[in-house]
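These are the residues of each chain, in order.
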Amino acid sequence: MDNYKTLLEKKEYDLLLSLTEGDLSPAGLSYRASAYLAKGDAKQAFNILNAHRDELYKVNPLKTMKSIFELRFILKEFEEAYDDLEHFENLPYVSQEVEEYLHALPKLIRTEERNSSLSDKYSEEEIIEKLSDKSDDYEIISTLNIIGPWRAKDYVRSLVALVTGQKSSLVRTYALMYLIAAKYDKEIALIKNGKTFNIVPARIDPPFTGKEFEDFREKLDEAINDPSVSNVAKKLLNDYIFELFPETLPLEKEGPVYLLAFSALAHEYLSSEFDLVKECEEKSVNLEEVKALIEKVKEVRKAESTLHY
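Residues numbered from 1 in each chain as written. Predicted model: local features only at pLDDT ≥ 70, side-chain atom pairs only at ≥ 80, totals over all residues. Heavy atoms only, no water.

Novice: Can you help me understand helix α16 (residues 276-283) in this one?
Specialist: Since one α-helical turn is 3.6 residues long, residues separated by three or four positions face the same way. The N-capping residue of α16, defined by a side-chain oxygen 3.4 Å from the backbone nitrogen of valine 277, is aspartate 275. Where α16 ends, the next residue or the one after it, serine 284, has phi of about 55°, a positive value. (Polar contact = N/O pair within 3.5 Å; in protein donor to acceptor, adjacent residues only side chain to side chain. Helix = DSSP H or I, 4+ residues; strand = E, 2+ residues; numbered from the N terminus.)

Novice: Whenever I open this one, a negative patch on the surface confuses me. Can you help?
Specialist: A contiguous patch of negative charge on the surface is contributed by Glu79, Glu80, Asp83, Glu86, Glu89, Glu99 and Glu113. Breaking the negative patch down by element, the ones donating at least two residues are α7 (78-89) and α8 (96-119). At five residues, the largest contribution of residues to the negative patch is made by α7. Along the chain, glutamate 79 turns up in helix α7. (Patch = residues over 30% accessible without salt bridge, like charges linked within 9 Å, V, L, I, M, F, W, Y side chains within 5 Å. Areas by Shrake-Rupley, 256 points an atom, 1.4 Å probe, with all protein chains shown as cover. Salt bridge = Lys/Arg side-chain N within 4 Å of Asp/Glu carboxyl O. Lys, Arg positive; Asp, Glu negative; His and termini not counted. Charge placed at Lys NZ, Arg CZ, Asp CG, Glu CD.)

Novice: Whenever I open this one, the pattern of salt bridges confuses me. Can you help?
Specialist: Think of it this way: side chains of opposite charge can pair up when their charged atoms draw near. In total, this model carries 17 salt bridges according to the counting rule given. With a closest N to O distance of 2.2 Å, arginine 217 and glutamate 100 form a salt bridge. With arginine 217 in helix α13 (residues 211-224) and glutamate 100 in helix α8, this pair connects stretches of sequence that are 117 residues apart. Taking the shortest distance from any N to any O, the salt bridge between aspartate 239 and arginine 301 comes out at 3.6 Å. Taken together, the residues span a long stretch of sequence, with aspartate 239 in helix α14 (residues 227-244) and arginine 301 in helix α17 (residues 287-302) at a distance of 62 residues. Residue class for aspartate 239 comes out partly exposed when judged on its relative accessible area of 21%. With a relative accessible area of 33%, arginine 301 lands in the partly exposed category. (Buried < 20%, exposed > 50% of the residue type's maximum accessible area, 1.4 Å probe, protein only.)

Novice: What am I meant to see in the packing of aromatic side chains here?
Specialist: Where two aromatic rings form a pair, the distance of their centres and the angle of their planes describe that pair. Taken as a whole, this structure holds 10 aromatic pairs when the rule is applied. When the ring of tyrosine 4 is compared with that of tyrosine 31, the centres are 6.0 Å apart and the planes differ by 55°; the resulting orientation is tilted. Here the residue tyrosine 4 occupies a position in helix α1 (residues 2-9), and tyrosine 31 occupies one in helix α3 (residues 26-38), the gap between them amounting to 27 residues. In this pair, the class of tyrosine 4 matches that of tyrosine 31, namely buried. (Phe/Tyr/Trp six-rings, centres within 6.5 Å; stacked < 30°, edge-to-face > 60°.)

Novice: Mind showing me how you'd approach the packing of α7 against α8 here?
Specialist: Any two packed helices are characterised by the angle at which their axes cross and by the distance between the axes. Following both chains from N to C, one finds α7 and α8 inclined at 175°, their axes separated by 10 Å at the closest point. Considering their axes alone, α7 and α8 lie roughly antiparallel with respect to each other. Contacts from Phe78, Glu79, Ala81, Tyr82, Leu85, Phe88 and Glu89 of α7 reach α8 at Leu102, Leu105, Pro106, Ile109, Arg110, Glu112, Glu113 and Ser116. For the contact of α7 with α8, the per-class residue count stands at nine nonpolar, one polar and five charged. (Axes fitted to C-alpha atoms, helices over the stretch in contact; angles between N-to-C directions. Parallel < 35°, antiparallel > 145°, perpendicular 65-115°, else oblique. Contact = heavy atoms within 4.5 Å. Nonpolar A, V, L, I, M, F, W, Y, C, P; charged D, E, K, R; others polar.)

Dropping the structure here:
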């Protein structure tokens, strides 16, 4: 699998396709589809995943669904996407994360369908103009939503200019996420929160993805055991991750501290009782570390950037 990953990173797509031929393992199928997608053959990539979607779903349900729907959007197969949604909805319960994604899918499909229709109304030159410094933040983000991450590779130069430019932190972060989607493999400098990040977008994971993030969200649900409080905690977590990105959080290493901090913040947000001292004692978690994280999250929230127009 490491060899497959290396070949993909080195853009040795034909060699990767040769080596994965006949490899029906989840890794083999995933990297084979990725190679076809990188070569611009989204249909073949989709066919590979779709032909084995039930086996892949058993191994990694959330990743499988996201890959299937992302490829449907690239191919502009929206009616088929609704059929896929019905298929996955009829499968047995797996996890809260899967249920949340399924719940969000109808709106996501409608949005992608609408944005696809809107993007057809603008020429490439008009979109590039809308992504320039001349546009305000609202228009830039609206345009990004219209083109979608699936077409990000067509506007790499504009995206790089946004990431390295003087627009708001929100715009620069969104543009970075699109460069990640475009698998841009050159180093760029992003200045954010007083720090300079020299990064290669193709080599970093987008926020709100990965096993560590998914596991932590599941632990939040288990620890809080109240849907309303849990939803607020996850929203606060997502906001915090976005504001710090491309920094990453040690959710696995310092999990207990983060669980109690975001539980406390969610209860405070909803004005509900939460005995932090007692919770820390019962779970053998350092109270001062939790308090310090709570204050840091609050400071970041106060400093959250806003859109300029």
